[in-house]
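# Per-entry structural report
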Amino acid sequence: MRTFSAIAGSAAFFIAAPGVIAGLVPWLLTDRWGLPWSNLPGFVPAGGLLIVAAVAALLHAFGRFALEGLGTPAPVAPTERLVIGGIYRHVRNPMYVAVLSIILGQALLFSSWTLVAYAVIGAIAMGSFVRLYEEPTLARRYGAEYETYRRNVPGWLTRLTPWRG
């Protein structure tokens, strides 16, 4: 039953957080995606590829929270265990990286400087949240296990080889 609750909670949070931040807000900022698609060579395929890869990474990260951590990404229903498998062996914040990548993919797709600015603002907000809330909370909750993980896996730039810890 715990696994089902974790999956349901993660699905709800997926719609509420990344769905709004990387879906609804960009849709509103681009006049309901009514902008013409980019006519710059390579921007449309690059943007589309970035979006598809980021959505796949985001779904994987959410799945890890529910199945490995038995919880959700929502602070009100955290994981029982520290999630360090799968994509988390390459980067500590794959959800934030994926959401920002989706927004930047849309910026490429629509040649939108507005979305680039939105991604920069989002990156500052996410980075601040991680530094001021998430990292201290995880350090208190998981102690030495989190500190070891934090020392070995970068927060924002992906490791090419997975951490084996």
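Above this text you will find the structure in question.
Residues numbered from 1 in each chain as written. Predicted model: local features only at pLDDT ≥ 70, side-chain atom pairs only at ≥ 80, totals over all residues. Heavy atoms only, no water.

### Things to note about the overall build of the chain
A count of helices and strands for the chain gives 6 helices and 0 strands. The linear arrangement of helices and strands in the chain, starting from the amino end, is α-α-α-α-α-α. In terms of C-alpha radius of gyration, the chain reaches 17 Å, essentially the compact-globule figure of 15 Å for 165 residues. By principal-axis analysis of the C-alpha atoms, the chain measures approximately 50 × 35 × 25 Å. Looking at the chain as a whole, 39% of its 165 residues are labelled buried. Counting only contacts in the chain whose residues sit at least 6 apart along the sequence, the fraction spanning at least 24 positions is 71%. Carbon and sulfur atoms make up 71% of the accessible area of the chain, which amounts to about 9000 Å² in all. (Helix = DSSP H or I, 4+ residues; strand = E, 2+ residues; numbered from the N terminus. Rg over C-alpha atoms; globule rule 2.2 N^0.38 Å. Buried < 20%, exposed > 50% of the residue type's maximum accessible area, 1.4 Å probe, protein only. Contact = heavy atoms within 4.5 Å. Areas by Shrake-Rupley, 256 points an atom, 1.4 Å probe, with all protein chains shown as cover.)

### As for the packing of aromatic side chains
Tallied over the entire structure, the rule returns 7 aromatic pairs. Taken together, the aromatic side chains of Phe13, Phe14 and Phe62 make up a single cluster linked through ring pairs. (Phe/Tyr/Trp six-rings, centres within 6.5 Å; stacked < 30°, edge-to-face > 60°.)

### Some points on the environment of Arg159
Considering the arrangement of structural elements, one finds Arg159 in the segment after α6 (144-152). Here Arg159 falls in the partly exposed class, since its relative accessible area comes to 24%. In this view, Arg159 contacts Arg89, His90, Asn152, Val153 and Pro154; residues no more than four positions away in its chain are not counted. Of note is the side chain of Arg159, whose polar atom sits 2.8 Å from the backbone oxygen of Asn152. (Polar contact = N/O pair within 3.5 Å; in protein donor to acceptor, adjacent residues only side chain to side chain.)

### Quick notes on helix α3 (residues 43-67)
The end-to-end C-alpha distance of α3 is 36 Å, a good match for the 36 Å that 25 residues give at a rise of 1.5 Å each. What α3 keeps buried is the set Gly47, Ile51, Ala54, Ala57, Leu58, Ala61, Phe62, Phe65 and Ala66. (Expected span 1.5 Å × (residues − 1).)

### Quick word on the nonpolar core
Core analysis: the biggest nonpolar cluster contains 33 residues, and Leu58, Tyr88, Met95, Ile103 and Tyr149 have the highest contact counts within it. Secondary structure elements with two or more residues in this core: α3, α4 (94-110), α5 (113-142) and α6. By residue number, the principal contributor to this core is α4, which donates 10 residues. Not counting the four nearest positions on each side in its chain, Leu58 is found in contact with Phe14, Pro18, Met95, Ala98, Val99 and Ile102. (Core = buried A, V, L, I, M, F, W, Y, C linked by side-chain atoms within 4.5 Å.)

### Focus on the pattern of salt bridges
Evaluated as defined, the whole model comprises 6 salt bridges. With a closest N to O distance of 2.6 Å, Arg2 and Glu80 form a salt bridge. Of this pair, Arg2 sits in helix α1 (residues 2-16) while Glu80 sits in the loop between α3 and α4, placing them 78 residues apart in sequence. The shortest N-O distance in the salt bridge between Arg92 and Glu135 comes to 3.1 Å. Of this pair, Arg92 sits in the loop between α3 and α4 while Glu135 sits in helix α5; the two residues are 43 residues apart in sequence, bridging distant segments of the chain. Take Glu135: its relative accessible area is 6%, and that puts it in the buried class. Where salt bridges share partners, they join Arg92, Arg131, Glu135, Glu147 and Arg150 into one cluster. (Salt bridge = Lys/Arg side-chain N within 4 Å of Asp/Glu carboxyl O.)

### Some details on the packing of α3 against α4
Put simply, α3 and α4 touch, their axes get as near as 8 Å, and they point 160 degrees apart. In this view, α3 runs roughly antiparallel relative to α4, as classed from their interaxial angle. Considering the relative orientation of α3 and α4, their crossing is left-handed. Grouping the constituent residues of the contact of α3 with α4 by class yields 20 nonpolar, 5 polar and no charged. (Axes fitted to C-alpha atoms, helices over the stretch in contact; angles between N-to-C directions. Parallel < 35°, antiparallel > 145°, perpendicular 65-115°, else oblique. Left-handed = near helix turned anticlockwise from the far one by under 90°. Nonpolar A, V, L, I, M, F, W, Y, C, P; charged D, E, K, R; others polar.)

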